[in-house]
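Here is how the chains run, residue by residue.
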Amino acid sequence: MKKKTKKYEDSLIESLKDPIEAAAYLTVHIEDDSEHAEEIFLLALKDVAKAYGIEKVAQKAKIGRESMYKTLSGSVNPKLKTLRSILDSVGLKMAIEPKNSKAL
C-alpha cells in the first residue's frame, strides 16, 4: 500500500493560516542576522501571503499584484509602509522589544 505524503510547502502554507504560527515564523526570520537576512525575511513574508492568497493580500494592502510580487521577491527594497500594509492585511503587526534589560 502506497503511503500518502504531503508536500512540505503545502503543510507550511496551511500552518501559516494561523496568525500565531505566522507571527512566530516571521519573528524567527526577522531575527536572522546572516548576509541574506532581508531576502530570507521577504521569502518568509511571501509564504505568509501565500497562505492568505497573494492576490487577496495585495488588494487588502492596496498594492498592485505585480508590485506585491516584486516586493516579496527581494528584488526591491520595500518601504516600511509597504511591509506594514502587507502585515496588516493578514492580521499581523510589527513590534519592537528590548533585547535585554541593559541599554547602552
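To start, this report covers the structure provided alongside it. Here the structure is a predicted model, which is why all the values come from computation and not from measurement.

Brief notes about the nonpolar core
And then number 1: The biggest cluster of nonpolar side chains holds 25 residues, and the ones touching the most others in it are Leu16, Leu26, Leu45, Val48, Met68 and Ile86.
And then number 2: When residues of this core are traced back to their parent elements, those giving at least two are helix H1 (8-15), helix H2 (19-30), helix H3 (37-52), helix H4 (54-61), helix H5 (65-73) and helix H6 (80-89).
And then number 3: By residue number, the principal contributor to this core is H3, which donates seven residues.
And then number 4: When residues no more than four places from it in sequence are discounted, the contact partners of Leu45 are Leu26, Leu72, Leu83, Ile86 and Leu87.

Describing the pattern of salt bridges
Where charged atoms from two side chains of opposite charge come close, those side chains can pair.
And then number 1: The tally for this structure, following the rule as stated, stands at two salt bridges.
And then number 2: With a closest N to O distance of 2.8 Å, Glu9 and Lys50 form a salt bridge. Here Glu9, found in helix H1, pairs with Lys50, found in helix H3; they are 41 residues apart in sequence, far enough to count as distant.
And then number 3: By relative accessible area, which is 34% here, Lys50 ends up partly exposed.
And then number 4: A salt bridge links Glu14 to Lys17, with the nearest nitrogen and oxygen atoms 3.3 Å apart.
And then number 5: A relative accessible area of 45% means that Glu14 is categorised as partly exposed.

Some words on unusual backbone geometry
And then number 1: Phi is positive for Lys62, which is not a glycine, with a value near 60°.
And then number 2: One can find Lys62 in the loop between H4 and H5.
And then number 3: Residue class for Lys62 comes out exposed when judged on its relative accessible area of 77%.

Rules and cut-offs
Residues numbered from 1 in each chain as written. Predicted model: local features only at pLDDT ≥ 70, side-chain atom pairs only at ≥ 80, totals over all residues. Heavy atoms only, no water. Core = buried A, V, L, I, M, F, W, Y, C linked by side-chain atoms within 4.5 Å. Buried < 20%, exposed > 50% of the residue type's maximum accessible area, 1.4 Å probe, protein only. Helix = DSSP H or I, 4+ residues; strand = E, 2+ residues; numbered from the N terminus. Contact = heavy atoms within 4.5 Å. Salt bridge = Lys/Arg side-chain N within 4 Å of Asp/Glu carboxyl O.

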